[in-house]
Amino acid sequence: AVKPLKQRIIKIENNIDLHEKKLNKLNETMLKASQQQDGSKIAELSRSIHSCKITIDTLFNELEEITSELDTQMAVFDKKIKQLDSEWRADCFEKN
């Protein structure tokens, strides 16, 4: 089923986008905390940044797997369409 895979891809891409925006905000906050030399805030932000990066990497891996699965299913679908088209053309020529 191609449609659920396409929907899943869109959901993952949106989730990646959200996490990348979150990561940018965390990095901006980290810069401010560094300028203020706020050690506890830096440690907290460092953990959050690390966690966000891991989430993004995981999402990209999932996206890659699903995209590969979609490509495989699309190839099967295209092959079936070509087969049906060939059979239909053969039937048309037999009738004429």
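Residues numbered from 1 in each chain as written. Predicted model: local features only at pLDDT ≥ 70, side-chain atom pairs only at ≥ 80, totals over all residues. Heavy atoms only, no water.

Peer 1: Help me understand the overall build of the chain in this model?
Peer 2: Tallying secondary structure elements over the chain gives 2 helices and 0 strands in all. Since a compact globule built from 96 residues should have a radius of gyration of about 12 Å, the 24 Å found for the chain marks it as more spread out than a globular shape. Taken along the three principal axes of its C-alpha coordinates, the chain extends 85 × 15 × 15 Å. Across the 96 residues of the chain, 18% fall into the buried class. Residue pairs in contact within the chain that sit at least 24 positions apart in sequence constitute 72% of those at least 6 positions apart. Only carbon and sulfur atoms are counted for the fraction: they give 53% of the accessible area of the chain, which is about 7,600 Å². (Helix = DSSP H or I, 4+ residues; strand = E, 2+ residues; numbered from the N terminus. Rg over C-alpha atoms; globule rule 2.2 N^0.38 Å. Buried < 20%, exposed > 50% of the residue type's maximum accessible area, 1.4 Å probe, protein only. Contact = heavy atoms within 4.5 Å. Areas by Shrake-Rupley, 256 points an atom, 1.4 Å probe, with all protein chains shown as cover.)

Peer 1: Whenever I open this one, the pattern of salt bridges confuses me. Can you help?
Peer 2: Close approach of charged atoms allows side chains with opposite charge to pair. Applying the stated criterion to the full structure yields 4 salt bridges. For Lys41, the salt bridge identified is with Glu44, shortest N-O distance 4.0 Å. Within this pair, Lys41 and its partner Glu44 are both found in helix H2 (residues 39-95), separated by 3 residues, close to a single helical turn. Given the relative accessible area of 31%, Lys41 is considered partly exposed. For Glu44, a relative accessible area of 41% gives the class partly exposed. (Salt bridge = Lys/Arg side-chain N within 4 Å of Asp/Glu carboxyl O.)

Peer 1: So what exactly am I meant to see when it comes to helix H1 (residues 2-35) here?
Peer 2: Because the α-helix completes a turn every 3.6 residues, residues three or four places apart line up on one side. Between the first and last C-alpha of H1 there are 50 Å, a value that for 34 residues agrees with the 50 Å anticipated at 1.5 Å per step. Within H1, the full set of buried residues consists of Leu5, Ile9, Ile12, Ile16, His19, Leu23, Leu26, Met30 and Ala33. A positive backbone phi angle near 55° is found at Gln37, which sits one or two residues after H1. (Expected span 1.5 Å × (residues − 1).)

Peer 1: Explain the environment of Ala33 to me, please; I cannot follow it from the model alone.
Peer 2: Note that Ala33 resides in helix H1. Relative accessible area serves as the criterion here: at 3%, Ala33 is assigned to the buried category. Separated by 16 residues in the primary sequence, Ala33 and Ile49 have C-alpha atoms spaced 13 Å apart.

Peer 1: Just to check I follow, could you spell out the side chain of His19 for this structure?
Peer 2: Among the structural elements, His19 can be located in helix H1. Its relative accessible area of 18% is what places His19 among the buried residues. Separated by 3.0 Å, the side chain of His19 and the backbone oxygen of Asn15 make a polar contact. When residues no more than four places from it in sequence are discounted, the contact partners of His19 are Cys52, Thr55, Ile56 and Leu59. (Polar contact = N/O pair within 3.5 Å; in protein donor to acceptor, adjacent residues only side chain to side chain.)

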